[in-house]
Structures are given as C-alpha cells and as structure tokens.
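Listed below are the residues making up each chain.
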Amino acid sequence: MTLSAATALAASRRLVVKIGSALLVRDDRPDAAWMLALAEDIAGLRKTGTEVVIVSSGAVALGRGRLGLSRSARLDEKQAAAAAGQSLLMQAWDAALRPHGVTPAQILLTRDDTEQRHRWLNARATLEALLRLGAAPVVNENDTVATEEIRYGDNDRLAARTAQLARADLLILLSDVDGLYDADPRTVAGATHLPLVEALTPQIMAMAGDANPVAGVGTGGMRTKLEAARIARTAGCATVIASGLVERPLSAIAAGARATLIPAPGGPVAAWKAWIAGSVEPAGRLVVDDGAVAALRAGKSLLPSGVRAVEGRFGKGDSVLIVTTAGRRAGIGLSAWSAEEMTLIQGRQTGEIEALVGYRGPRVAIHRDDMVLETSA
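Residues numbered from 1 in each chain as written. Predicted model: local features only at pLDDT ≥ 70, side-chain atom pairs only at ≥ 80, totals over all residues. Heavy atoms only, no water.

Quick word on unusual backbone geometry
Okay, so step 1: A positive phi angle, close to 65°, is found at D28, a residue other than glycine.
Okay, so step 2: Checked against the element boundaries, D28 lands in the loop between β2 (25-26) and β3 (29-30).
Okay, so step 3: Note on D28: relative accessible area 48%, which makes it partly exposed.
Okay, so step 4: Phi at R167 is positive, roughly 55°, even though this residue is not glycine.
Okay, so step 5: Relative to the helices and strands, R167 resides in the loop between α8 (155-166) and β7 (170-175).
Okay, so step 6: Exposure remark for R167: the relative accessible area of 17% places this residue in the buried category. (Helix = DSSP H or I, 4+ residues; strand = E, 2+ residues; numbered from the N terminus. Buried < 20%, exposed > 50% of the residue type's maximum accessible area, 1.4 Å probe, protein only.)

Below you can see the structure in the form of structure tokens.
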C-alpha cells in the first residue's frame, strides 16, 4: 500500500486534529459554517471507530474581539483575551458538534502538564475517560495562567504533545497551505509539493519558512509544524499537514486532496514502551510474588495485592523496577502511586485502596500500558 495522507487517515484509530485561529475566526467571530462542516467530518470518523481529539486555537482571537483589544504582545492582555474568549470558543464547538450528538469537553493545558510525569498521568487519565465516555476532547493552552516560561509557544507544539499524551497514531495539522513545498509557493513560481517526507533532515527543515499568520490572528508557520511533526514522531505518531481552507478538510484528505504525510516508525504504544524501557535510573523497586509475575506474563496489570515490598522514594508516575522475591528483574514501569501510598496498599485488595489512602485513585499498582517486561520474566 502506497503511503499517503489518505491511507494514513484511513488506518488511524485515534487522531488529533489541530485547527488554528486563522481557520476558526472570521471578523472576531467563530466561522460557524466551517466548524459545522468540520464537525460533520469528525462525526463521520467516529462512526467508523476512529477517536478524535481536537486541539483548537481561537480563544485569544475571539476574546480580543469581545474586549475590543488590538493584537498586542503584552502577556496580561493576551491572558485577559483568553479568559474572555474561552467560553465563546467552547460555545462555538458545542453548537457545531451537538447536532451530531457529540459532547465537547474542554481540556486546558500548560507545558507543565505534559512535562511533569504525575501531571501527565492525570491529564492522560482524564483524556482517556472522556474518549471512553464518547465525548470529544477540545484541548487548548491555558493562556490565562501560563507565563512565558511555561508556555508551549504555539498550538502546533501543543498538538504534538497532545498526540503524545493521547497515544494517537495520527496528528493532522490544518494550515493555510496544502503541505510542505521545497520553496514558499506564495512567492516562488513552480515550487514543488512534497506529498511524503520520510525523514526530517536539515534540508527538509530548511524548506520551512518563518511564521505566516493568516489574517493577523495566527501564530504558527511551516517550521512550527515540522517541529511538531518531529515531536510526534518520537511518540510513534505520524503527521499530516493539509489545507484547512476547504469546507470539509478531513473528507478532502480522505479523498486524496494534496497534503504532506510525515510517517513515524513503529507506533505510539511501541514508542511509549521504548521510552519506559530506556529509563536510566528507576526511582525505586517493587518486589512482587510469583502469582503477580504470572499475571504480568499473561498481559495483566500489576495489582497492589501482588506487591510484597516497596523500596526507594518515588512519586506517582516515576519509573520503578519490578523484581521477584528471588531478586530477579521482571520489568520496569511507571508507578500509579507514590512510595508512601504504595506501602499502605501493598498486599491489599483493590476494594480496600480508597479507605487506606483516603481518596479514590487507580485500581492498579502499575498499569500494563505503562510497563515493559523482561523477555526472561
């Protein structure tokens, strides 16, 4: 099968689609007709079994219009605009998705939410729950609290981090151009379109120009999209850069419209587990009994009942070794609990956890998706 944006979309089971302000906002208002058409695409994908996460710009642009602000570099004014515009943005998504029986659910992130492991796990759990419940997560940067030091800087990068968080297999970046060219097609006659980019070499990166906001409301450009694709590739997620200037851009991609595909080696699960396996200095160890080892070999998660001893000081989301009572290394994984909490629940049944720790948390010690076993385990 020939690799293309269309085949990548057809094969995707979970995708993240990023929409910039320039596509969503017209004259300080949501482009309701365009959003309705995109919502129809999203609903169609969901019916075929593809889960969709939306990364949506637009809050700042809408808020500026509501507050009568001009475009400004001042952080406090941008945060004020975001505060005024976020509700408008979610109202627009609700109006677009509700006719298709889809409930939008807002997730606001700062960079710390995807850089600090325990916050990463919390955000991932929320996103997974929303998808399981049939909602459509709508992700945006939490501009009202993010400072320059903790901002993503652009929603292309946020979209790539969201793809990592969601363990998506495809990231679609909708743009004002239909993919990557070897030169800027707006200024260079005869620029060649690149439908497939298999490696983000220095030569490929050099083809990306500077940011080119459309209509003065966007902040991204082709370079930020390639940087986002680089981030997504490390998570086993392919990227498609396509035009969002058509009425139903996802249907257009599926029908073979011009776009650029940047494939990723492996897949999101393999990339995630490779990252876990590469943890150089695990923060602690969990000693588990033979019954737990047998369950792990059968593809199960590690339950607190199988933990016999807790060693080291670690927090929720830190990597820990899994060792047998005989001292053999059985695997490595990300702890669902801190060392103090794990000590409280070790050897206990899942029904006892809440009373022991004082709140309702995970039912496992390490989830199977966050674990890599030794081949000899």
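Regarding the side chain of N142
Okay, so step 1: Turning to its location among the elements, N142 is positioned in the loop between β6 (136-141) and α8.
Okay, so step 2: Contacts of N142, omitting those with residues within four sequence positions, involve L108, L109 and T110. (Contact = heavy atoms within 4.5 Å.)

Considering the sheet that holds strand β15 (residues 329-334)
Okay, so step 1: If you walk across this open sheet you meet the 5 strands as β13-β12-β14-β15-β16, and the pairing is mixed. A strand with exactly one partner marks an edge of an open sheet, and here the two such strands are β13 (307-312) and β16 (371-373). Taking each pair of neighbouring strands and ignoring which way they run, the sheet shows an average axis angle of 20°.
Okay, so step 2: Where β15 lies against β16, 3 bridges are found, and the strand directions are antiparallel. Bridging from a neighbouring strand, I332 pairs with V372 of β16.
Okay, so step 3: This element, helix α12 (residues 268-277), spans β15 and β16 of the sheet and lies at about 110° to β15. (Pairing = 2+ DSSP bridges. Axes fitted to C-alpha atoms, helices over the stretch in contact; angles between N-to-C directions.)

Description of the environment of V246
Okay, so step 1: Structurally, V246 can be placed in the loop between β10 (238-243) and α11 (249-254).
Okay, so step 2: When its relative accessible area of 36% is taken as the criterion, V246 is described as partly exposed.
Okay, so step 3: Look past the residues within four positions of V246 in its chain and what remains in contact with it is W34 and A252.

Focus: the pairing of strand β14 (residues 319-324)
Okay, so step 1: Within β14, 6 of the 6 residues are buried, which leaves it mostly tucked inside the rest of the structure.
Okay, so step 2: Residues S319, L321 and V323 line one face of β14 and the alternating positions V320, I322 and T324 line the opposite face, and both faces are buried.
Okay, so step 3: Pairing geometry for strand β12 (residues 284-288) and β14, over 5 bridges, is parallel. Within β14, the residue paired with V288 across the bridge is T324.

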